[in-house]
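Coordinates in review
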Amino acid sequence: MRLRRGGADDTAELLRLFDEAVVWLTDRGSAEQWGTRPWSEIPERVEMVRGLASDGLWIAEIDGTTAGALVISESALDYAPPVDEREVYVRLLLTDRRYAGRGVGGRLLDHARTQARERGISLVRVDCWSGGDGSLIRYYERQGFTPTVRVPVKDKEVQVFEDRL
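The rules behind the values
- Residues numbered from 1 in each chain as written.
- Predicted model: local features only at pLDDT ≥ 70, side-chain atom pairs only at ≥ 80, totals over all residues.
- Heavy atoms only, no water.
- Core = buried A, V, L, I, M, F, W, Y, C linked by side-chain atoms within 4.5 Å.
- Buried < 20%, exposed > 50% of the residue type's maximum accessible area, 1.4 Å probe, protein only.
- Helix = DSSP H or I, 4+ residues; strand = E, 2+ residues; numbered from the N terminus.
- Contact = heavy atoms within 4.5 Å.
- Expected span 1.5 Å × (residues − 1).
- Arc of directions from axis to C-beta.

1. Considerations on the nonpolar core
- Leu70, Val90 and Tyr140 are the most contacted members of the largest nonpolar core, which has 24 residues in total.
- Looking at which element gives the most residues to this core, the answer is helix 4 (residues 104–118), with 5 residues.
- Beyond its immediate sequence surroundings of up to four residues, Leu70 is in contact with Gly56, Leu57, Trp58, Val90, Leu92, Leu93, Leu108, His111 and Ala112.

2. Comments concerning the environment of Leu109
- Looking at where Leu109 falls in the secondary structure, it is placed in helix 4.
- With 16 residues separating them along the chain, Leu109 and Leu93 place their C-alpha atoms 7.9 Å apart.
- Once residues within four sequence positions are removed from consideration, Leu109 is found in contact with Val90, Leu93, Tyr139, Tyr140, Gln143 and Phe145.

3. Quick word on helix 1 (residues 11–27)
- Given a rise of 1.5 Å per residue, 17 residues ought to cover 24 Å, and the 24 Å separating the end C-alpha atoms of helix 1 matches this to within 8%.
- Thr11, Leu14, Leu15, Arg16, Leu17, Phe18, Asp19, Ala21, Val22 and Leu25 are the residues of helix 1 that are buried.
- With its phi angle positive at about 85°, Gly29 sits one or two positions after the end of helix 1.

4. Concerning helix 3 (residues 43–53)
- Among the residues making up helix 3, those that are buried are Val46, Val49, Leu52 and Ala53. End-on view of helix 3: buried residues confined to an arc of 115°, all on one side of the axis. Exposed residues pointing more than 90 degrees away from the buried face of helix 3 are listed as Pro43 and Glu44.
- Those residues of helix 3 that are buried are in contact with helix 1, strand 2 (57–62), strand 3 (65–73) and strand 4 (88–95).

Quick look at the structure:
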């Protein structure tokens with residue numbers, strides 16, 4: 001697995017990952033998370049993905065194929081409770097289901113931790129949808145993150161996690 005800096009040229013790949021995730025989530029009964037319509041068909045979401053691709057994007061590749069994406073920032077999303085210290089916030093972690101079991105997500109989260117350490121930051125935070133069967137929450141706990149607070153976001157609720165380095 002190779003990690004590389006991403007950018008605006010990766011927007012189409014990110015949209016592919018989102019579209020495939022929507023199909024996978026819908027097939028397993030979790031359409032509430034991102035809906036049932038491909039993100040590439042929703043102009044507002046296409047713009048959101050363009051924004052994600054433009055800053056803090058890292059791409060995981062396996063055999064030259066995009067296997068996952070990570071977007072990190074030193075500022076949290078608007079709905080996350082503020083903290084009184086510098087942090088690295090994982091704004092996006094998305095993997096290609098074809099590479100399930102290959103540790104893509106874990107490798108990208110480790111990269112976020114590495115980026116934090118290199119910047120002299122000891123806090124990494126991430127959030128996820130708290131609905132469904134709880135598998136996303138369990139995933140982040142297995143990755144070493146501690147749940148902190150749940151916050152409402154529109155008609156959903158998200159779980160915020162932290163990892164102290």
